[in-house]
Amino acid sequence: MKKIGFLSFGHWAAAPGSQARTAADSLLQSVDLAVAAEELGADGAYFRVHHFASQLASPFPLLAAIGAKTDRIEIGTGVIDMRYENPLYMAEDAGAADLLSEGKLQLGISRGSPEQVIEGYKYFGYVPQEGQTDADMARDHTAVFLQVIEGKGFAQPNPTPMFPNPPGLLRIEPHSPGLRDRIWWGAGTRATAEWTAAQGMNLMSSTLLTEEAGIPFHELQAEQIRRFRKAWDEAGHQREPRVSVSRSIFALTTDMDRAYFGGRGDDQDQVGHLEGGLARFGRSYAAEPDKLIEELRTDSAIEEADTLLLTLPSQLGVDYNAHVMETILTEVAPALGWR
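Residues numbered from 1 in each chain as written. Predicted model: local features only at pLDDT ≥ 70, side-chain atom pairs only at ≥ 80, totals over all residues. Heavy atoms only, no water.

> Can you lay out the pattern of salt bridges for me, pointing to particular residues and giving the numbers?
Close approach of charged atoms lets side chains of opposite charge pair. Taken as a whole and assessed by the stated rule, the structure comprises 21 salt bridges. Linking Asp 81 and Arg 83 is a salt bridge whose minimum nitrogen-to-oxygen distance equals 2.7 Å. For Arg 83, a relative accessible area of 5% gives the class buried. The partner of Glu 223 in a salt bridge is Arg 227, with the nearest N and O atoms 3.0 Å apart. You can see Glu 223 and its partner Arg 227 sitting in helix H6 (residues 217–235), four residues apart, about one turn around the helix. One network of salt bridges, with partners in common, ties together Lys 3, Glu 74, Arg 229, Arg 242 and Asp 306. (Salt bridge = Lys/Arg side-chain N within 4 Å of Asp/Glu carboxyl O. Buried < 20%, exposed > 50% of the residue type's maximum accessible area, 1.4 Å probe, protein only. Helix = DSSP H or I, 4+ residues; strand = E, 2+ residues; numbered from the N terminus.)

Laid out in structure tokens, this is it:
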């Protein structure tokens, strides 16, 4: 394991005990949590993107704000739903956020997950073409996005522009060199992981896998990662790819930890139905540090990946989540090979 970061859904609710009661709370606390994570030595701050929900939705203002307040930590998403995105406008936003953060952006994108409203992407102005699925549309948007962030000119300049143009076709501005190598795809199947490798994107293995093979989640996820790496080598890419997995991991070191997470009863994989098929959800981990180390050593997907993202309960506030990260980073992660 080379890197450890956090992944926040950015939930807010005016509920008893919630420290994030409004959208402003969630956004401002997300910036503070990223700053705290950097001070603790964590490697990354990643955020979920969900539309029509009391959660973080438009990531680029948040990522730019974090990039301006931090020096070292990676900032990213897990994941942006490409069904909703204008790929050219997104390329402008991503380029600006990456430049403001001095090249620290790690952008997770995907087809997305089931949303709060039926076919929500239609409200954003996007409808699959005849014969296409929404997943096809997401991949089409992705293909355009990946092409334009490479920085090659493609747009015919106006012969009488308001401002002088450089010679040749024009590209999306601002352009951030190197961003193309820091795009990740959130894959929920083994086949999608192989497709991800063929596209030259890093792999963000999903928190749920939309296939059921009768084996534990971590073993299925580890197989997905191995297939990704094999497909990457076969595609002949010249750089080393990155792979992340996400886990809910809580070291029980205080009475508050035990009150929140002791005896949760979700220490087994969950199999359920999602969009007409079976899906397997990974287990959570909550135990004293020594026991956590023993359990995590048996998680084959964590062993296969280079980046571990700790999913954090945003409504418990910055201080408590900083405590969650600190106990993992100091009492658990070193025994698993981090640093």
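> Summarise the pairing of strand E3 (residues 74–77); cite the residues concerned and give the values.
In the case of a regular strand, side chains alternate between the two sheet surfaces. Residues of E3 alternate between two faces, with Glu 74 and Gly 76 on one and Ile 75 and Thr 77 on the opposite face, all of them buried. Of the pairings in the sheet, the one linking strand E2 (residues 44–47) to E3 comprises four bridges and is parallel in character. Bridge pairing in E3 places Phe 47 opposite Thr 77. Assessed by its sense of winding, the connection that carries the chain from E2 through helix H2 (residues 59–69) to E3 is right-handed. Alignment of E3 against strand E5 (residues 105–110), held across two bridges, turns out to be parallel. Following the sheet pairing, Gly 76 is matched in E5 by Gln 106. (Pairing = 2+ DSSP bridges. Right-handed = clockwise from strand over helix to strand, strands pointing away.)

> Got a sec to walk through the packing of aromatic side chains? Specific residues and values, please.
Across all of its chains, the model carries 11 aromatic pairs by this definition. Where Tyr 84 meets Phe 124, the ring centres are 4.9 Å apart and the plane angle is 85°; that geometry is what we call edge-to-face. Here the residue Tyr 84 occupies a position in the loop between strand E4 (80–81) and helix H3 (87–100), and Phe 124 occupies one in the loop between E5 and helix H4 (134–148), the gap between them amounting to 40 residues. Overall, the relative accessible area of 39% leaves Phe 124 in the partly exposed class. (Phe/Tyr/Trp six-rings, centres within 6.5 Å; stacked < 30°, edge-to-face > 60°.)

> Could you give me a rundown of a nonpolar patch on the surface, with the residues and numbers involved?
Nonpolar side chains collect at one region of the surface, where Phe 52, Tyr 123 and Phe 124 lie side by side and expose about 360 Å² of accessible area between them. With respect to the helices and strands, Tyr 123 occurs in the loop between E5 and H4. (Patch = residues over 30% accessible without salt bridge, like charges linked within 9 Å, V, L, I, M, F, W, Y side chains within 5 Å. Areas by Shrake-Rupley, 256 points an atom, 1.4 Å probe, with all protein chains shown as cover.)

> Run through H3, naming residues and quoting values.
The terminal C-alpha atoms of H3, which comprises 14 residues, lie 20 Å apart, in line with the 20 Å expected from a rise of 1.5 Å per residue. Where H3 is buried, its residues contact H2, E4, E5 and H4. The opening residue of H3, the one whose side-chain oxygen lies 3.0 Å from the backbone nitrogen of Leu 88, is Asn 86. (Expected span 1.5 Å × (residues − 1). Contact = heavy atoms within 4.5 Å. Polar contact = N/O pair within 3.5 Å; in protein donor to acceptor, adjacent residues only side chain to side chain.)

> Quick one: what's the story with the packing of helix H5 (residues 190–198) against H6, residue by residue and with numbers?
The contact between H5 and H6 brings their axes to 8 Å, and the two run at 30°. What the angle tells us is that H5 and H6 run roughly parallel. For H5 against H6, the interelement crossing comes out right-handed. Here H5 contributes Arg 190, Ala 193, Glu 194, Thr 196, Ala 197 and Ala 198 to the contact with H6, which in turn contributes Leu 220, Glu 223, Gln 224, Arg 227, Phe 228, Ala 231, Trp 232 and Ala 235. Its residues placed into classes, the contact of H5 with H6 shows eight nonpolar, two polar and four charged. (Axes fitted to C-alpha atoms, helices over the stretch in contact; angles between N-to-C directions. Parallel < 35°, antiparallel > 145°, perpendicular 65-115°, else oblique. Left-handed = near helix turned anticlockwise from the far one by under 90°. Nonpolar A, V, L, I, M, F, W, Y, C, P; charged D, E, K, R; others polar.)

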